[in-house]
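# Architecture at a glance
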Amino acid sequence: MPQELHWKKFFKPKQILETLGIEGGRIADIGSGYGTFSIPAAARTRNTVFAIEMEPEMVQQLKGKAKRKKLTNIKTIQRDVSRQGTGLKDKSVKHVLLFNILHCEKPVNLLKEAKRILSPNGSVAVIHWNYDPDTPRGPPMHIRPKPEQIIEWAEKAGLTLHETHDLPPHHYGLVFKHK
């Protein structure tokens, strides 16, 4: 991860959450990092936002940030979701955020876990870097997923595509629901 101030330049979190329909209900932000999306998501719901991150330093930073902003509805969880799952109950969240994370080793497993914790009328929102070598950041091109790949993985996980979005200047967004 780049430094947080540099990282923030790539996103308009409030606008992205609004575009993807993330509002209300319990939210799981898997791979929450600095809280780029967890913090604004917490402002969009009175319910709990589970900010799940495997890096202990980032979890501590996010805890401190939530405390300074007096956000009592963020619950940070330090966990390697790829290996351990989220630890959340079946059908327990309305929205799952998988932002810039599906270049991981086992993306279908991550999507299956997202589906497992997703309530029947909920959504799994995905954003990722455009498949373009000119983007200023993002994973190497050989592991960077194209939208079609993510759609295929989601279908294998039991999800169906609901919406697609262009998120300029460097990202695309996909919203999935239960099949």
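This text gives an overview of the structure that appears in the document. (Residues numbered from 1 in each chain as written. Predicted model: local features only at pLDDT ≥ 70, side-chain atom pairs only at ≥ 80, totals over all residues. Heavy atoms only, no water.)

Now for the packing of aromatic side chains. Within a pair of aromatic rings, the relevant descriptors are the distance that separates the centres and the angle that separates the planes. According to the stated counting rule, one finds one aromatic pair in the structure shown. Their ring planes at 85 degrees and their centres at 4.7 Å tell us that Phe 37 and Phe 99 sit as a pair that is edge-to-face. Taken together, the residues Phe 37 in the loop between strand E1 (27–30) and helix H3 (38–42) and Phe 99 in strand E4 (residues 93–99) connect sequence positions 62 residues apart. For the pair Phe 37 and Phe 99, one class covers both residues: buried. Its guanidinium or amino end placed over the ring of Tyr 131, Lys 146 lies 4.7 Å from that ring's centre, counting from NZ or CZ. (Phe/Tyr/Trp six-rings, centres within 6.5 Å; stacked < 30°, edge-to-face > 60°. Helix = DSSP H or I, 4+ residues; strand = E, 2+ residues; numbered from the N terminus. Buried < 20%, exposed > 50% of the residue type's maximum accessible area, 1.4 Å probe, protein only. Lys NZ or Arg CZ within 6 Å of the ring centre and 35° of its normal.)

What follows deals with the pairing of E4. A large share of E4 lies buried, amounting to six of its seven residues. The pairing of E1 with E4 spans four bridges and is parallel. The partner of Ala 28 across the bridge, within E4, is Val 96. The pairing of E4 with strand E5 (residues 118–129) spans six bridges and is parallel. Across the sheet, residue Leu 97 finds its bridge partner in E5, namely Ala 125. A crossover connection joins E4 to the parallel E5 through helix H6 (residues 107–117); in handedness this β-α-β unit is right-handed. (Pairing = 2+ DSSP bridges. Right-handed = clockwise from strand over helix to strand, strands pointing away.)

Another point: the environment of His 103. Among the secondary structure elements, His 103 is positioned in the loop between E4 and H6. Under the relative-accessibility criterion, His 103 is labelled partly exposed at 27%. Taking C-alpha positions, His 103 is 23 Å from Thr 76, a pair spaced 27 residues apart along the chain. With sequence-adjacent residues up to four places away left out, His 103 is seen in contact with His 128, Pro 139, Ile 143 and Pro 145. (Contact = heavy atoms within 4.5 Å.)

Before going further, it helps to spend a moment on H6. Residues of H6 that are buried: Pro 107, Val 108, Leu 110, Leu 111, Glu 113, Ala 114 and Ile 117. Contact partners of the buried residues in H6: E1, helix H5 (81–84), E4, E5, helix H7 (147–156) and strand E6 (159–167).

Within the fold, Ser 123 resides in strand E5. Within the structure, Ser 123 has its side chain in polar contact with the side chain of His 95 (distance 2.8 Å). Once residues within four sequence positions are removed from consideration, Ser 123 is found in contact with Ile 22, Lys 94, His 95, Val 96, Leu 118, Val 175, Phe 176 and Lys 177. (Polar contact = N/O pair within 3.5 Å; in protein donor to acceptor, adjacent residues only side chain to side chain.)

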